[in-house]
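This is what each chain is made of:
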Amino acid sequence: MLALNEKYLAGIISEEEILAHSPYADLAWSELAEGSSPGSDFLGWLNLPQNFDPALLREIKEAAERIKKQSEVLVNIGIGGSYLGAKAVYEALKDPFKARQDDGVELLFAGQNLSGKYLESLIEYLRDKDFSLNVISKSGTTTEPAIAFRILRALLVEKYGEDALRERIICTTDKSRGALKAYADNLDLTCFVVPDDVGGRYSVLTPVGLLPLAAAGFDIQKLLEGAHKALLNLQGTKLKSNPAYRYAVIRNCLYKRGYVAESLVTFEPELSFFAEWWKQLFGESEGKDGKALLPTSMQFTRDLHSLGQFVQEGRKCLFETCLVIDEQQQLALIPESEDDGDGLNYLAGRALPEVNAIARRATLMAHREGAVPVLEISLKRLDEEHLGYLIYFFELACAMSARLLGVNPFDQPGVEAYKLNMFALLGKPGYEERRAELNREAADQS
Ligand code: PA5
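The residue numbers shown here count from 1 along each chain, following its written sequence. Where totals are concerned, whole chains, interfaces and linings use all residues; where local detail is concerned, this predicted model gives features only for residues with pLDDT of at least 70, and gives and counts side-chain atom pairs only at 80 or more. Values reported for side chains reflect all heavy atoms of the structure, with hydrogen atoms and water molecules removed beforehand.

K.L.:
Looking at this model, I keep getting lost on helix α5 (residues 84–93). Mind explaining?
P.N.:
Think of an α-helix as turning once every 3.6 residues; residues three or four places apart then point the same way. Think of it in three bands: with a 1.4 Å probe and only protein chains considered, a residue is buried below 20% of the maximum accessible area for its type, exposed above 50%, and partly exposed in between. Each helix is a run of DSSP H or I of at least 4 residues and each strand a run of E of at least 2, with the numbering of both proceeding from the N terminus. Burial analysis of α5 places 9 of its 10 residues in the buried class, the great majority of the element. Burial in α5 covers these residues: L84, G85, A86, K87, A88, V89, Y90, A92 and L93. If you follow the buried residues of α5, they end up packed against β3 (106–110), α10 (207–215), α11 (220–234), α13 (272–286) and α16 (384–405). Note on definitions: a residue-residue contact is assigned when non-hydrogen atoms from the two residues lie within 4.5 Å.

In structure tokens form, the structure reads like this:
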């Protein structure tokens, strides 16, 4: 279902160098398997696709059916891991020019920014639509989604009345803690649980991602099946034949050689948001203790006309991991033209996926010649099952890579710093001391 192509690394990293990491990969895996790695309270994702509770899957599907009957739009309110997974899969699988699948609602997202324009425009869009709200926050206390929920809830009540709170809101949160859980219990709202042992960025295969995707008309069972196949193929297999471990080792080898940034590149625009999910996964899992690769992304061929110059001839600090989809359904044939004014008749009759594949080969060869290490990860096709496989592949590779780097893959202490300052500057009770400190700093600087 998935292959790691290392051919462009020839002359940069040898098989011996990769296999020299076998003892470290074995150790990293046994720590994960035994639950002895740092952050081992958050290893629930590791066997999740294998142990998925059929009753929960049924409940999710039933809730999705209720949403579909009631609404044209489901607004998913969440940030970080509470929205990126669903958005990534949704964008990858939906028709880019249709608001919704034939058998599903349109998914919209809120609470992932603090933009007044975004929220006001969303409110306008929702005025003549039937909509429901799906609020997702593991902690139940994150400010951005909490604000969006308050504002959109008011719209819901204005449009449908107080009863709509119970009929049209679903909460996905901690099983017992947090303000969102208290609110949901108080009103007896439909609730799904983010398991205690699954962190936000590892939560797409829990109700966090599965409920919106089911409501949007996608086959969540297939998503889980794909992840399960990855689990069976990848867990514990030796480094030599394990693409997830090899990917983890290779990126660490490149990092040690001064390639401090990795760009996930794709020639398929529908994968752009998958790259956003991947950035969070690796950025939050590895970026600590002054270490880690900077996870970035580019969409080709578009960005060849902007960042391509930097990649080809700029500072040699970046390597590329190219995400490839082998089989393409939509061909978009190039027609013959009588006058051939644009000189494209040499391409007449050829399909865009073929031209795109050649553009990819040409680009990766050029970048390789420009001393940029390149890896390819190819998926046979783009559907729920293959995406499930890819998600699990990256989750496992990320945990392994973080352990090879020597950091805890499952915490994110750095995310708190901006929150502390924001609360202080907004005047949240309890943050007065920090506010005074920040004011003193600002006075010193001016
Ligand atoms: O991966 C993570 O844990 C974070 O990115 C969280 O998903 C994000 O901060 C949102 O947190 P919460 O779901 O608690 O609102």
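K.L.:
Where do I start with the sheet that holds strand β8 (residues 294–299) in this structure?
P.N.:
In any sheet, the strands associate via hydrogen bonds between backbone groups, in a parallel or an antiparallel arrangement. If you trace the 5 strands from one edge of the open sheet to the other, you get β1-β10-β9-β7-β8, paired in mixed fashion. Either end of the sheet is taken by a strand with one partner, and the two such strands are β1 (2–5) and β8. With direction set aside, neighbouring strand axes in the sheet form an average angle of 20°. Here strand β7 (residues 261–266) runs beside strand β9 (residues 318–325); their pairing, made up of 6 bridges, is parallel. Along β9, the bridge assignment pairs S263 with E320. Should DSSP find at least two bridges between two strands, the strands are regarded as paired. The angle between two axes is taken between their N-to-C directions and runs from 0 to 180 degrees, where each axis is a line fitted to C-alpha atoms and a helix contributes only its stretch in contact.

K.L.:
Is there a simple way to think about the pattern of salt bridges in this case?
P.N.:
Pairing is possible between side chains of opposite charge, provided their charged atoms come close. By convention in these notes, a salt bridge is any Lys or Arg side-chain nitrogen within 4 Å of a carboxyl oxygen on Asp or Glu. Going through the model one piece at a time under the given rule, you end up with 32 salt bridges. We note a salt bridge from K87 to E91, for which the minimum N-O separation is 3.1 Å. On the criterion of helical spacing, the pair formed by K87 and E91 is a turn pair, its members being 4 residues apart in helix α5. Of the residues examined, E91 reaches a relative accessible area of 25% and is grouped as partly exposed. The shortest N-O distance in the salt bridge between D174 and R177 comes to 3.0 Å. Salt bridges sharing common partners tie together E6, E15, K240 and R246.

K.L.:
It is not clear to me how the site of the ligand should be interpreted in this structure. Could you clarify?
P.N.:
Here a residue is near a molecule or strand as soon as one of its heavy atoms is found within 4 Å of it. Lining the immediate environment of the ligand, one finds 13 residues, of which S82, S137, S139, T142 and Q280 sit closest. In the model, an oxygen atom of the ligand is placed 2.9 Å from a nitrogen or oxygen of the G81 main chain. Considering the ligand on its own, with 380 Å² of exposed area, one finds that the protein chains cover 89% of that surface. Residues are grouped as follows: nonpolar covers Ala, Val, Leu, Ile, Met, Phe, Trp, Tyr, Cys and Pro; charged covers Asp, Glu, Lys and Arg; every other residue, Gly included, is treated as polar. Its residues assigned to classes, the shell around the ligand shows 1 nonpolar, 9 polar and 3 charged. Identification of polar contacts relies on pairs of N or O atoms within 3.5 Å, with a donor-acceptor requirement for protein atoms, meaning one able to donate a hydrogen and the other able to accept it, and with residues adjacent in sequence counted only if both atoms are side-chain atoms. We get accessible surface area from the Shrake-Rupley algorithm with a probe of 1.4 Å; when it comes to residues, only the shown protein chains can shield them.

K.L.:
Looking at this model, I keep getting lost on the pairing of β8. Mind explaining?
P.N.:
Successive side chains on a regular strand alternate, one facing one side of the sheet and the next facing the other. Sheet topology note: the β7/β8 ladder contains 6 bridges and is parallel. Each bridged residue has a counterpart across the sheet, and for L264 the counterpart in β8 is S297.

K.L.:
Just checking my understanding: could you explain the sheet that holds strand β4 (residues 131–137) for this structure?
P.N.:
Across the sheet, 5 strands lie side by side as β3-β2-β4-β5-β6; this open sheet has parallel pairing. Where the open sheet ends on each side, the last strands, each with one partner, are β3 and β6 (190–193). Taken pair by pair, the neighbouring strands of this sheet meet at an average axis angle of 20°, ignoring direction. Where β4 meets strand β5 (residues 169–173), 5 bridges bridge the pair, whose relative direction is parallel. Considered in β5, the bridge of N134 is made with I170. Most of the contacts of helix α6 (residues 116–127) go to β3, to which it runs at about 150°, and overall it touches β2 (73–77), β3 and β4.

K.L.:
Is there a simple way to think about the packing of α5 against α13 in this case?
P.N.:
Helix-helix packing: each pair is described by the crossing angle between the helix axes and the interaxial distance. At a closest axis distance of 7 Å, the pairing of α5 and α13 adopts a crossing angle of 155°. In terms of orientation, α5 and α13 fall into the roughly antiparallel class. Here α5 and α13 pass one another in a crossing that is left-handed. Within the contact between the two elements, α5 uses L84, G85, K87, A88 and E91 and α13 uses F273, F274, E276, W277 and Q280. The scheme is simple: roughly parallel for angles under 35 degrees, roughly antiparallel for over 145, roughly perpendicular for 65 to 115, oblique for anything else. Left-handed describes a crossing whose near helix is turned anticlockwise from the far helix by less than a right angle; the clockwise case is right-handed.

K.L.:
I keep staring at the packing of aromatic side chains and nothing clicks. Help me out?
P.N.:
For any pair of aromatic rings, the description rests on two quantities: the centre-to-centre distance and the angle between the ring planes. Stacked, tilted and edge-to-face pairs are distinguished by plane angle, under 30 degrees for stacked and over 60 for edge-to-face with tilted covering the rest, among Phe, Tyr and Trp rings (Trp via its six-membered ring) whose centres lie within 6.5 Å. Inspection of the entire model under this criterion finds 20 aromatic pairs. Where W45 meets Y392, the ring centres are 6.1 Å apart and the plane angle is 50°; that geometry is what we call tilted. A residue pair is termed long-range when its members are at least 10 positions apart, and W45 in helix α3 (residues 44–47) and Y392 in helix α16 qualify at 347 residues. Y392 carries the same exposure label as W45, and that label is buried. A cation over an aromatic ring shows up here: K87 above the ring of F273, its NZ or CZ 4.7 Å from the ring centre. Here the guanidinium or amino end of K129 rests over the ring plane of Y125, the centre of that ring lying 4.2 Å away. By definition, being over a ring means that NZ of Lys or CZ of Arg is both within 6 Å of the ring centre and within 35 degrees of the ring normal.

K.L.:
In this structure, what is going on with the environment of E16? I would like to understand it.
P.N.:
Here E16 is to be found in helix α1 (residues 15–19). It is 58 Å that separates the C-alpha atoms of E16 and P429, two residues lying 413 residues apart in sequence.

K.L.:
Can you help me understand the environment of Y202 in this one?
P.N.:
Its location among the elements puts Y202 in the loop between β6 and α10. Residue classification places Y202 among the buried positions, given a relative accessible area of 2%. Taking the C-alpha atoms as reference points, Y202 and R100, separated by 102 residues in sequence, lie 26 Å from one another. Look past the residues within four positions of Y202 in its chain and what remains in contact with it is W45, L281, S285, E395, C398, A399 and F410. Reaching out from Y202, the side chain makes a polar contact with the backbone oxygen of E395 at a distance of 3.3 Å.

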